[in-house]
Amino acid sequence: MFGLGDGWVFSAYMLCIASSILCVVYGILKWNSDGDTVKDLEQEHWVEDEIKIEKQL
Amino acid sequence: MTISLVVLYLLIIAFLGYLGYRKTHGASDYLVAGRDIHPYIMALSYGATFISTSAIVGFGGAASVFGMGILWLTVLNIFVGIFIAFVFFGKRTRIMGYHLQAHTFPEFLGRRFQSPFMQKFAGMIIFLFMPLYAGVVLIGAAKFIQHQFNIDYTTALFFFTLIIAVYVIMGGLKGVMYTDAFQGTIMFVGMLVLLIYTYYTLGGFIDAHSALTAMPVPPPLAAKGHTGWTSMPSFGSEFWWVLVSTIVMGVGIGVLAQPQLVVRFMTVKSNRELNRAILVGGVFILLMTGVAFISGSLSNVFFSKNVNNIEFCQITGAIMEVCPGKKIVTVSAENLARIRAQHPGAQINDEIDLHQGRPHVPTRNGSISIVAAGGNVATVIPQYIKQSMPKWFGLLFMLTLLAAAMSTLSSQFHAMGTAVGRDFYEQIVKDKTEAEERSVFISKIGIGVTILVSVLLAYILPKVYIRGEAIIARGTAIFFGLCAGSFLPAYLGALYFKKITKAGALAGMIGGFSVASFWLLFVHAAESSVIGLSMALFGRPALFGKTLGIVDPMFIALPVSIILTVAVSLFSQKPDAEHVDKCFKNI
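Conventions we followed
Residues numbered from 1 in each chain as written. Chains lettered and ligands numbered in written order. Predicted model: local features only at pLDDT ≥ 70, side-chain atom pairs only at ≥ 80, totals over all residues. Helix = DSSP H or I, 4+ residues; strand = E, 2+ residues; numbered from the N terminus. Buried ≥ 20, exposed ≤ 12 C-beta atoms within 10 Å, placed from the backbone. Rg over C-alpha atoms; globule rule 2.2 N^0.38 Å. Contact = placed C-beta atoms within 7 Å. Core = buried A, V, L, I, M, F, W, Y, C linked by C-beta atoms within 7 Å. Expected span 1.5 Å × (residues − 1). Bend = angle between axes of the 7 residues up to and from the residue. Nonpolar A, V, L, I, M, F, W, Y, C, P; charged D, E, K, R; others polar. pLDDT = per-residue confidence, 0-100. Axes fitted to C-alpha atoms, helices over the stretch in contact; angles between N-to-C directions. Parallel < 35°, antiparallel > 145°, perpendicular 65-115°, else oblique.

**Student:** How should I be thinking about the overall build of chain A in this particular structure?
**Tutor:** For chain A, the helix and strand inventory stands at two helices and zero strands. Across the 57 residues that make up chain A, the buried fraction comes to 19%.

Here it is, written out as structure tokens:
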């Protein structure tokens, strides 16, 4: 096991690298998602409300 | 060469601080950097704040004693401190923080639970206890500068603090984050070189590990549960408790409730920036703590095989220049085991002449790192760098450590100052409009005051406690324990549980804080014996004996705080539905 003494330390070593890879993969996969700023979201709500009000009128 | 490099470095810091100052046009810029920070800057600033000099030098030195089992802390640092923190805490904090118009961590909690008292209470914890954490980071940095440039400790402390004070007070969080990102970049390069060089010097990846695995464990370490540098200490032993409860869990989980880190989630425009920051942050932390721990452990092979043919003292086993021999050493709990290895009858407070009158004779026989460093954990990494690396790397590493200290300190100062201005002053002043106008000004004064307190602590503590190095790790642990015990359940409840009530969150916060304080003052021997209150009141350094005395405060305070938060929430007035809906909008 890469010259390491016990399974716990070997797992820690591997999990350090695995967690970093998880962060990298997550970052790449989600690179462009969740781009809505809160201000955008607020505006969406405002537009929805406007449409609703206009329909009611 | 050294001086010109440092001057260049300081000029760049000054320029970035000025840039932050130029781009700061109001409270929102000053407190949360205008909620418009680039993901790379955010990630590096978070990482560089997270990792202080004590994480590299203090914990890297601890790795030379505990071995690679300490890599579990790196696993938690990355998985909990970055992945969980950003994905499960950061995203919600950002959106909720915006809806609540929160600018600081206490303000976030106070507004979420509609409790101005909670904001003041959280602000008070930060204001009262963060100076201790900042103080010990200052001690580490100033001591390092003192040795590196051969100047007086007080002078080093004064000038170092002055430089940070100027750019934090002027530049606000923008100035802090720009300089953090630059410092993070230096740390990144420095640690990467250290990793490559360490494996290269020791004959490669597997050879280096095998050599470390093959090293025999000295009897004093084995008696405490040490089983080797590439295996875990024996289950339930003293070393196991310290490694698992204090180092791995205490620091690894405590990071989730650090006010100076939480505020960074509120500095970006959208969750997309947080997604991108995770990528940078994950790699950054691996290179920081991962490399420090691996190099710290492997330094044992370097010193015991004496790879670079260094001269050791024949009698103490320390590298000649740090050998504590010649002078007479007072036996303390910390060096007892080491001294007993050569003087079996030694008792605490005995004065031992380590050289027994014999002359200082050099030998080429190596020793394990902690012995080579003269018994001082904090000396292991600096000595390893000095003895194993080329000179240019020593310079780069010096900048790495300066950067690590400065980035952590600047964020601490900012968090403490805003706790005074925003969370305290604004809350107690009746005229809200006037209070808000003056908030930045008061925050600046608050930063000034907390800096003074921190510097005073950094000036006094090393005089009061001669074993100054131990206080660095202790101060950090105290603050992490208090934060996790006081804030974590309320913070998690704020983000995920609509049914947690104001009374529940408050009960958990006050209960957790009280239990953590009690445990630190009276039970956890490492702190209580240093603080001395237990000794003064009860005539014992720690109550409840040795077994409970090594269980970390967070282990007790966090469950108590969780139980109180949930139990009181079940029986108290439900939160206002409209307010809760507003908080959870878009989540």
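Moving on, there is more to tell.
**Student:** When you look at the overall build of chain B in this model, what are you seeing that I'm missing?
**Tutor:** A count of helices and strands for chain B gives 25 helices and four strands. Here the C-alpha atoms of chain B give a radius of gyration of 24 Å, agreeing with the 25 Å that 2.2 N^0.38 yields for 587 residues. In chain B, 80% of the contacts between residues at least 6 apart in sequence involve partners at least 24 apart.

**Student:** What's the story with the nonpolar core in this structure? I'm lost.
**Tutor:** Across soluble globular proteins, nonpolar side chains have a tendency to be buried as a group. Ranked by internal contacts, the top residues of the largest apolar core, which has 202 residues, are Ile 70, Leu 71, Leu 138 and Met 288 of chain B. The biggest single contributor to this core is helix 13 (residues 271-304) of chain B, with 19 residues. The residues touching Leu 71 of chain B, leaving out its near neighbours within four places in the chain, are Val 9, Ala 12, Tyr 13 and Cys 16 of chain A together with Gly 290 and Phe 293 of chain B.

**Student:** What exactly am I supposed to notice about helix 8 (residues 153-201) of chain B here?
**Tutor:** Residues separated by three or four positions in an α-helix point in the same direction, a consequence of the helix having 3.6 residues per turn. Compared with an ideal rise of 1.5 Å per residue, which puts 49 residues at 72 Å, helix 8 of chain B spans 34 Å between its outermost C-alpha atoms and falls more than 12% short. Helix geometry: helix 8 of chain B is bent most strongly at Gly 172 of chain B, by close to 125°.

**Student:** What is the right way to look at the environment of Ser 534 of chain B in this model?
**Tutor:** All names here are of chain B. Note that Ser 534 resides in helix 22 (residues 533-538). The class of Ser 534 is buried, set by 20 C-beta atoms lying within 10 Å. Put simply, Ser 534 and Val 523 are eleven residues apart on the chain and 8.3 Å apart in space, counted from C-alpha to C-alpha. The residues contacting Ser 534, other than those within four sequence positions of it, are Leu 521, Phe 522, Ser 528, Arg 540, Pro 541, Ala 542 and Leu 543.

**Student:** In this structure, what is going on with helix 17 (residues 391-428) of chain B? I would like to understand it.
**Tutor:** All names here are of chain B. Look at helix 17: 55 Å from first C-alpha to last across 38 residues, which is about the 56 Å you get at 1.5 Å a residue. Where helix 17 bends most, at Ala 419, the angle is about 30°. The buried fraction of helix 17 amounts to 28 of the 38 residues, a majority that puts the element mostly inside the structure.

**Student:** So what exactly am I meant to see when it comes to the interface of chain A and chain B here?
**Tutor:** When the parts of a complex come together, some accessible area is lost, and that lost area is often used as the size of the interface. Each partner contributes residues to the interface: chain A has 29 residues there, and chain B has 35 residues. Contributions of two or more residues to the side of chain A that touches chain B are made by helix 1 (7-29) and helix 2 (38-56) of chain A. The element that contributes the greatest number of residues to the side of chain A that touches chain B is helix 1 of chain A, accounting for 14 residues. Split into classes, the residues belonging to the side of chain A that touches chain B amount to 16 nonpolar, nine polar and four charged.

**Student:** Is there a simple way to explain the environment of Gly 17 of chain B in this structure?
**Tutor:** Residue and element names in this part refer to chain B. Locating Gly 17 in the fold gives a position in helix 1 (residues 2-22). Taking the C-alpha atoms as reference points, Gly 17 and Val 176, 159 residues apart in sequence, are found 7.0 Å from one another. Not counting the four nearest positions on each side in its chain, Gly 17 is found in contact with Val 166, Tyr 167, Met 170, Gly 171, Gly 175 and Thr 179.

**Student:** How should the confidence of the model for chain B be read in this particular structure?
**Tutor:** It should be kept in mind that the predicted coordinates are not to be read in detail where pLDDT is low. Mean pLDDT over chain B works out to 83, with 94% of the residues at or above the 70 mark. In the model output, the complex is listed with pTM 0.85 alongside ipTM 0.83.

**Student:** What should I look at first to understand unusual backbone geometry in this one?
**Tutor:** What is expected of a backbone is that most residues other than glycine have negative phi and most peptide bonds are trans. Residues and elements named next belong to chain B. At Gln 101, a residue that is not glycine, the phi angle is positive and equals roughly 50°. Inspection of the secondary structure puts Gln 101 in the loop between helix 5 (71-99) and helix 6 (105-112). Residue Gln 101 is classed as exposed on the basis of its 10 C-beta neighbours within 10 Å. Positioned with a positive phi, Gln 114 is a non-glycine residue whose angle comes to about 50°. Assignment of secondary structure puts Gln 114 in the loop between helix 6 and helix 7 (116-149). When the 14 C-beta atoms within 10 Å are taken as the criterion, Gln 114 is described as partly exposed.

**Student:** How do you make sense of the packing of helix 9 (residues 205-213) of chain B against helix 13 of chain B when you look at a structure like this?
**Tutor:** When two helices pack together, their arrangement is given by the angle between their axes and by how far apart the axes lie. All names here are of chain B. Packing of helix 9 against helix 13 brings their axes to within 9 Å, and their N-to-C directions diverge by 75°. Taken together, the axes of helix 9 and helix 13 are roughly perpendicular relative to one another. Judged by residue contacts, Ala 208, Ala 211 and Leu 212 of helix 9 engage Ser 297, Leu 298, Asn 300 and Val 301 from helix 13. Residue classes in the contact of helix 9 with helix 13 are distributed as five nonpolar, two polar and no charged.

**Student:** For this particular structure, what's the right way to read the environment of Gly 184 of chain B?
**Tutor:** All names here are of chain B. Tracing the backbone through its elements, the reader meets Gly 184 in helix 8. Along the sequence, Gly 184 and Thr 49 sit 135 residues apart, while their C-alpha atoms lie 8.7 Å from each other. Dropping the residues within four chain positions of it, Gly 184 is found in contact with Leu 44, Ser 45, Gly 47, Ala 48, Phe 284 and Ser 407.

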